[in-house]
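Structural characterization, general
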Amino acid sequence: MTEPVSNEIVEQRLKNMEALREMGYRPFGRAFARSGRLADVVAAFEEGKPVRVAGRLTTSRDMGKSLFADLRDASERLQVYAMKNHLGEESYAAFKRLDLGDHIGVEGTLFTTRTGEKTVKIDRWELLSKALLPLPEKWHGLKDTDQRYRQRYLDLVANAESRQVFARRSAIIREIREYLCRLDFQEVETPMMQPQPGGAAARPFITRYEALDTRMYLRIAPELYLKRLLVGGYDKVFELNRNFRNEGLSRTHNPEFTMIEIYEAYSDMRGMKALVEAMVVHVAEKVMGTLKVGTDEAPINLTPPWREVPYRDLVKERMGNDWFALDKADMGRKADAAGVHIDPAWGEAEITQEVYSKLIEKTLQDPTFVTRLPAELVPLAKRCEDDPSVVDVFELVIGGKEIAPGYSELNDPIEQRKRFEAQAGEDAQKVDEDFLTAMEHGMPPAGGMGIGIDRLVMTLTGCDAIRDVILFPQLKPREG
RNA sequence: AGGCCGUUAGCUCAGUCGGUAGAGCACUUGACUUUUAAUCAAGGGGUCCCGGGUUCGAAUCCCGGACGGCCUACCA
């Protein structure tokens, strides 16, 4: 036991365990058949009905010859009542040796107390698991953020809000799956270990496959494999799973994060736009019961239709109509005056991008589709027919955060090669020949989209840190 | 990587001007047969994050370090 818990408390619990053992109780019991979860038992309440329930002891109110205690399981809290005359001397004495945090199984009958609380009067009980360490304090909960993440089980025991966030995360993911499956999308799994990472520009994690004596990468995106499936005849496909990016930690970044990518053949960016809007609205209504989400300080209204605005119009809105007529030096001066730090080596596109991400993106609170992004930022999308300097994509921003990019996917292998090469520069390794070969066999035109699930969960549940929506977020390892 | 803030009992937190280390919950003992943060009485529990310095005297002031949080930077 490495926990810094005082000896007094642990020794007392060990003593209680031994006392119970001597009274014939197994400290770590076996399966216990329940009538149902506590919530089911409460829902089907009938005065005098016999029930079998199990849970963790969370509080007790001892009144000498009888005591009330609360049991808790994943579903609910339920009060149990132990009476000396009813249980018998020995069983009652043993019950008093229980510690908060112990799991017990109870056989008893349902009744209602004077104050109207549904309660199980204990006929018999058994010890299912002894807790040797104490749980966090019962009504302030556990606040130490580091401990909440490192010992998430304590956070989950102590903090109902935390349990609710993860229940909602699960529900959000389930609703997304069901929504897409109803539309005949097929879920697939593609490699997480890839000989060549692609589909995004990010530093990958590197690992080694000993059997083949070869270097492998944890995927930064599934995109290039899903597009191979489009070549292979899939027309509605999605993958919902983890990506890995070898980057820093922040309020909105975890090195492994959950992403859904969705592709639909013969569709385009507009099809994806309609899909994501309808799907997010559906999920919010199902899981949150409302389209007004976010926090009190930063409310978000998801009511459709969502705003759509070209990237350049947003920039002009903020920086003036003449922005794109300015030369590099004037742009730099104007950006600097607006408080955006500019690297002198940057061109117009980079300055504009910096202005967008520093000044504009965070102001887009309600859902906004930012469209017609500069082509050099997006190597995997089709160009707009009326203006080849921009691509036919959207960037969905909600609550000031990028939630989902959507593309009219590039399906021209010759242009794809050029765009890869332009992006790769000297680093020829970045060109995925195997993917280009697939595309040369003919990839249908398609709409594609990725949604950052963690960020979507943050947006819907009103959490402002990605760590609050990931059960075991990445942390700096502790020294032993 | 830089700036700011924090670290005191198992948990949540006070601690004044530098003068014997505190509360609630949890724990122990006792009273109590319908309680609800049960109540009442008594008790045990401390490397005040670590190391150094100033001082008659440091949880408190100074220096260095560790750990954490927030912001900035990095980040498709």
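Residues numbered from 1 in each chain as written. Chains lettered and ligands numbered in written order. Predicted model: local features only at pLDDT ≥ 70, side-chain atom pairs only at ≥ 80, totals over all residues. Heavy atoms only, no water.

1. Description of the sheet that holds strand β3 (residues 77–83)
What the 5 strands build is a closed barrel, ordered β1-β2-β3-β5-β4; its pairing is mixed. Between one strand and the next, the sheet's axes are offset by a mean angle of 55°, whatever the strand orientation. Inspection of the sheet shows strand β4 (residues 103–112) paired to strand β5 (residues 118–129) by 10 bridges, in the antiparallel sense. Bridge pairing in β5 links Val106 to Trp125. Against the sheet, helix α4 (residues 89–96) contacts β1 (50–62), β2 (66–72), β3, β4 and β5, and its axis sits at roughly 55° relative to β2. (Pairing = 2+ DSSP bridges. Helix = DSSP H or I, 4+ residues; strand = E, 2+ residues; numbered from the N terminus. Axes fitted to C-alpha atoms, helices over the stretch in contact; angles between N-to-C directions. Contact = heavy atoms within 4.5 Å.)

2. Some remarks on the sheet that holds strand β8 (residues 206–209)
Here we have 3 strands laid out as an open sheet, ordered β7-β9-β8, and antiparallel in their pairing. Both outer strands of the open sheet, β7 (193–194) and β8, are each paired with one neighbouring strand and no more. Where β7 lies against strand β9 (residues 214–218), 2 bridges are found, and the strand directions are antiparallel. Within the sheet, the bridge partner assigned to Gln194 lies in β9 and is Tyr217.

3. Observations regarding the packing of helix α8 (residues 223–231) against helix α14 (residues 433–440)
Running from amino to carboxyl end, α8 crosses α14 at an angle of 25°, the nearest separation of the two axes being 9 Å. Taken together, the axes of α8 and α14 lie roughly parallel to each other. Remark: the crossing between α8 and α14 carries left-handed chirality. The residues of α14 that touch α8, namely those facing Leu224, Lys227, Arg228 and Val231, are Asp434, Phe435, Ala438 and Met439. Residues of the contact of α8 with α14, tallied by class, amount to 5 nonpolar, no polar and 3 charged. (Parallel < 35°, antiparallel > 145°, perpendicular 65-115°, else oblique. Left-handed = near helix turned anticlockwise from the far one by under 90°. Nonpolar A, V, L, I, M, F, W, Y, C, P; charged D, E, K, R; others polar.)

4. As for the domain arrangement of chain A
For chain A, the assigned domains are domain 1 (7–135) and domain 2 (157–306 + 366–468). The distance between the C-alpha centroids of domain 1 and domain 2 comes to 48 Å. (Domains from an automatic or database assignment.)

5. A closer look at the protein's contact with RNA strand B
Lining the immediate environment of RNA strand B, one finds 45 residues, of which Asn85, Thr115, Trp139, His253 and Arg467 sit closest. Sugar and phosphate atoms constitute 56% of the interface atoms of RNA strand B, taking the interface as everything within 4 Å of the protein. Between Arg61 and RNA strand B, the recorded distance is 2.5 Å, taken from a side-chain N or O atom to a base oxygen. At a separation of 2.2 Å, a phosphate oxygen of RNA strand B approaches a polar side-chain atom of Arg467. Among the elements of the structure, α1 (7–22), β1, β2, β3 and α5 (145–150) are those that each provide at least two residues to the surface near RNA strand B. The element best represented in the surface near RNA strand B is α1, accounting for 4 residues. (Near = heavy atom within 4 Å. Polar contact = N/O pair within 3.5 Å; in protein donor to acceptor, adjacent residues only side chain to side chain.)

6. Let's talk about the packing of helix α7 (residues 160–182) against helix α9 (residues 269–287)
Here α7 crosses α9 at 135°, and the two axes come no closer than 9 Å. What the angle tells us is that α7 and α9 run oblique. Seen from above, α7 lies across α9 with right-handed handedness. In this structure, α7 uses Arg168, Ala171, Ile172, Glu175, Ile176, Tyr179, Leu180 and Arg182 to contact α9, whose residues at the interface are Leu275, Ala278, Met279, His282, Val283, Lys286 and Val287. Broken down by class, the residue content of the contact of α7 with α9 amounts to 10 nonpolar, 1 polar and 4 charged.

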